[in-house]
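# Working through the structure, step by step
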Amino acid sequence: MSWFKYFSIFLLLVFLLPHETNASKSPPNIVFIVADDLGWNDVGFHGSREIPTPNIDALAYSGVILNNYYVQPICTPSRSAIMSGLNPIHTGLQHDVIYAPSPYGLPLNLTLLPEWLSRLNYRTEAVGKWHLGLCNHSYAPSNRGFDHHYGYWTGHIDYYDHSVILGHMWGYDFRRDMNVARDAYGIYATDLFTTEALSIISVHNTSRPLFLYLAHLAVHSGNPYSPLQAPQDYVNKFLYIKDERRRKFAAMLTKLDDSVGAVVTALRERNMLDDSIIVFTTDNGGPAGGFNDNAASNWPLRGVKASMWEGGVRGSAFVWGPNFVSQPPGTVSDQLYAIEDWLPTLHYIAGGEAGQLPPLDGVNIWPSLSSGAPSPRQHLLHSIDPVFDGAAVRSGDWKLLFNPSGYETYWDRWFGPSGRNETAPETDLSLLIRKIRESPAGVAVLQKNPDALDNITRSRNAAMVNCTATPDEPSFVCRGANLSSACLFHIPSDPCEQNNVASENTDVLNVLLQLTSQYNSTAVPILNAPLDPIANPKYWNYNWNNWLDFPPPPGVNASQLRLEAQESMGLNENLFDVFRFTRKSSAVISAP
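Residues numbered from 1 in each chain as written. Predicted model: local features only at pLDDT ≥ 70, side-chain atom pairs only at ≥ 80, totals over all residues. Heavy atoms only, no water.

Under the convention used in this document: UniProt positions are given in the numbering used here, feature names are shortened, and annotations may be inferred rather than shown by experiment.
As recorded in an unreviewed UniProt entry, the protein goes by the name Arylsulfatase B isoform X2, listed as coming from Hyalella azteca. Quoted straight from UniProt, the Cofactor (unreviewed entry) entry for the protein says "Ca(2+)".

Okay, here's the thing in C-alpha cells:
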C-alpha cells in the first residue's frame, strides 16, 4: 500500500474518531462559596497573620488565587451579577441594595445561573443568603432555578435569633423553600448553613452533578443590638487581638473557615472531591474601620464596602479543582476578571455551549483560569450610580474613578489592621503554615497531591499587595460636581490609589471617560422604589414574607400607607442615606 493510501486511512480515522468537546467532558460538581463582606486582608493568603484561615488558605494555595478580580461595591449588585451574568446597570440594580420591604427584585425575565445548570442536568441547591428579592413568590430562590433553598431572603439576619430590624420594622427571616423554618431559631447561622451543606452532600445522587451555592452570612454584621456575634469559646481563641470588635470578627471568620473545611471533608468522604470545582469569593470589599459597625480589613487597599475604591471592589477569591485546572498549585493570577464572568464560565464548565446563552456582560474565563490563557476581559465597569453620580471603570491597567461612594469622605481612607507585623506566638508564620497543612482542607489536598502545598511562601508573597506608607489624611478624594474631579490610577504600580495621575495622562483619561459614557448609554433605569409599609412583619405574624402574594391585612388601608411612604421617600432618594452608619453615630438601624 502506498504512503498516500496510509495517509488517507490515517486522515479518515482522525476524522471518524470522537473529538473531545466541552459538552463531552464529564461535568464536575460545582461548589460556589460566597463570604459576605469579607475584606481583602481578612484571609491569610493575602499576607495577614492576624487571623488564621487555614482551610481557606489550603484551597487557595493549592488552587488558583485570583489577584486581579473585581466584585461590586455592595451585596445585591454582586449577587445579581453572579446569577445573571450581567452588570447591574443592565438589570436596574446598580444603586443600593434590596431591602426587606422593597417591592422589586432581580427581573423575572432573566434566566439565572441555576436555571441554566438545571438544563444541563445539575441538581441545584442554595444554602444561606439570597438578597435578590422577596416581595412575591416568583422572586424566591426556589422559584429561580434552585431545586431547594435553606436560609434567608433578606440582606442580613441576627446570627442566633435570625431576625431583621429595619427602622421600626422587625421580623423573623429563615426559610426552607417557601416555608418559615422556626426550628432554626437559636442556632448559630454559620453552623446551620454548614450542617445543611453537609446534608446535601451526604444524600446526593452522584449520577448527577451537583451545584451547591453556599452563601454565608459571615462575616456580615447582624442587627445593631449585637452586630458581631460568635460562640464565646471561639472568641476566647483570639485574646491576643486587643480590639474587641476585631476579636469577635476573628471568631466569626474562624467559624466560616471551619465550614469550608467541613464541606471539603464531606466531599472527600463521598468520593466527590476529585470530581469537584470549588469557587470561593467575597461579594464586596470589607466594611473596615467600623463601617456598618464591623471590623473587616482591606489593608493596604483604600476605602471600604459600598465604595468604588479598590478596598470596596477588589475581591478575595480563588478557584480549586486540580483535576480540571492544569496550572500549578498556588498559581497567583493577575489577569483581569469580574464577578459577572461566573455565569458563562460555570455554564461552559458544566458542558454548555456559548451559543445557548443570551448576550451577557460576563465572559468565559475558564481557559484563563484552568490553563493560564490570556483573559478575554480587557475592560470592566466597576459601577455607575446615577443617584450619587458616581462611576468607576477599568481598562487594561488603568482605572477612572469619580465620586466613589454616597458616604462622607472619612471612608475614602486606608483602614487596617495590616496583620503583617504580629508578635503574638499564635501568629508565627511557621505555625500558621503548619495549621494550613493540618487543617481538614489541607489534609484532603495533601492526600490527593503530597506536593500541593510546597509553595505556600512563594504564593503568599506573590498574592500580597505592597504599597508605600499610607497617609493619615488623603490629599484627594476624587469627588466633585463634574467629571473634572475624576481621578486616574495606574493600578499595577499604584494598587493603593495614592497617586492621581489624571493631569499627566490626559489621553488615557479621555479614553476612559469615553468608555464610561459608552457604558452609561446602555444603562437601564434603576428599579429602586419606596419601601412598602405593607411588608411590615407585624402584619404577617412577625415574619418577613412575600407579602405581595396576599391581600392587605384586614383593617389596613394599604393605599394610604403607601402614599404616605412615597411622599416621605422619593424614588430618587439615596436609600443608603436613610440607613447609613457614620463614624460619628452609633448604628441605630441595621446596615444593608
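## Examining the sheet that holds strand β18 (residues 487–490)
Put simply, the rule is: If DSSP finds at least two bridges between two strands, the strands pair. The helix count covers DSSP runs of H or I at least four residues long, the strand count covers runs of E at least two residues long, and both are numbered beginning at the N terminus. Comment: axis = line fitted to C-alpha atoms, over the contacting stretch for helices; angle = value between 0 and 180 degrees taken between N-to-C directions. By definition in these notes, contact holds between two residues if any of their heavy atoms fall within 4.5 Å.
With antiparallel pairing, the 4 strands of this open sheet are ordered in space as β15-β16-β17-β18. Strands with a single pairing partner mark the edges of an open sheet, and in this sheet they are β15 (379–385) and β18. Neighbour to neighbour, the strand axes of the sheet diverge by 10 degrees on average, direction disregarded. In the sheet, strand β17 (residues 398–402) pairs with β18 via 4 bridges, with the strands oriented antiparallel. Bridge pairing in β18 links Trp 398 to His 490. Contacts between helix α14 (residues 506–521) and the sheet are confined to β15, β16 (390–395), β17 and β18, with β16 contributing the most and set at about 115 degrees to the helix.

## Overview of the state of the cysteines
What counts here: Disulfides are defined as pairs of cysteine sulfur atoms found within 2.5 Å of each other. Relative accessible area decides the class of each residue, using a 1.4 Å probe on protein chains only: under 20% of the type maximum gives buried, over 50% gives exposed, and in between gives partly exposed.
Per the counting criterion, the structure on display carries 2 disulfides. Disulfide pairing is shown between Cys 467 and Cys 496; the S-S distance is 1.9 Å. Classification of the bridge connecting Cys 467 and Cys 496 rests on its S-S torsion, roughly 80 degrees, and on that basis the disulfide is right-handed. Of this pair, Cys 467 sits in the loop between α13 (456–463) and β18 while Cys 496 is found in the loop between β18 and α14, placing the two residues 29 residues apart along the sequence. Each disulfide pairs two cysteine sulfurs, and for Cys 478 the partner residue is Cys 487, the sulfurs being separated by 2.1 Å. Across the S-S bond linking Cys 478 and Cys 487, the dihedral sits near -105 degrees, which makes this disulfide left-handed. We classify Cys 487 as buried; its relative accessible area is 2%. With no disulfide of its own, Cys 75 lies closest to Cys 135 among cysteine sulfurs, the gap being 18 Å. Under the relative-accessibility criterion, Cys 135 is labelled buried at 1%.

## Some remarks on the packing of aromatic side chains
Rules: Here is the rule: rings of Phe, Tyr and Trp (six-membered ring for Trp) pair when centre to centre is within 6.5 Å. Planes less than 30 degrees apart are stacked, more than 60 are edge-to-face, and the remainder are tilted. A positively charged side chain is recorded as over a ring if its NZ (Lys) or CZ (Arg) lies within 6 Å of the ring centre. The angle to the ring normal must also be within 35 degrees.
Applying the stated criterion to the full structure yields 23 aromatic pairs. Ring geometry for Trp 130 and Phe 146: centres 6.3 Å apart, planes at 85 degrees, overall edge-to-face. Of this pair, Trp 130 sits in the loop between β4 (123–129) and β5 (148–152) while Phe 146 sits in the loop between β4 and β5, placing them 16 residues apart in sequence. Connected via pairs of aromatic rings, a cluster forms that spans Phe 32, Tyr 69, Trp 130, Phe 146, Phe 211, Tyr 213 and Trp 342. Above the face of the Trp 116 ring, Arg 119 is positioned so that its terminal group lies 4.7 Å from the ring centre.

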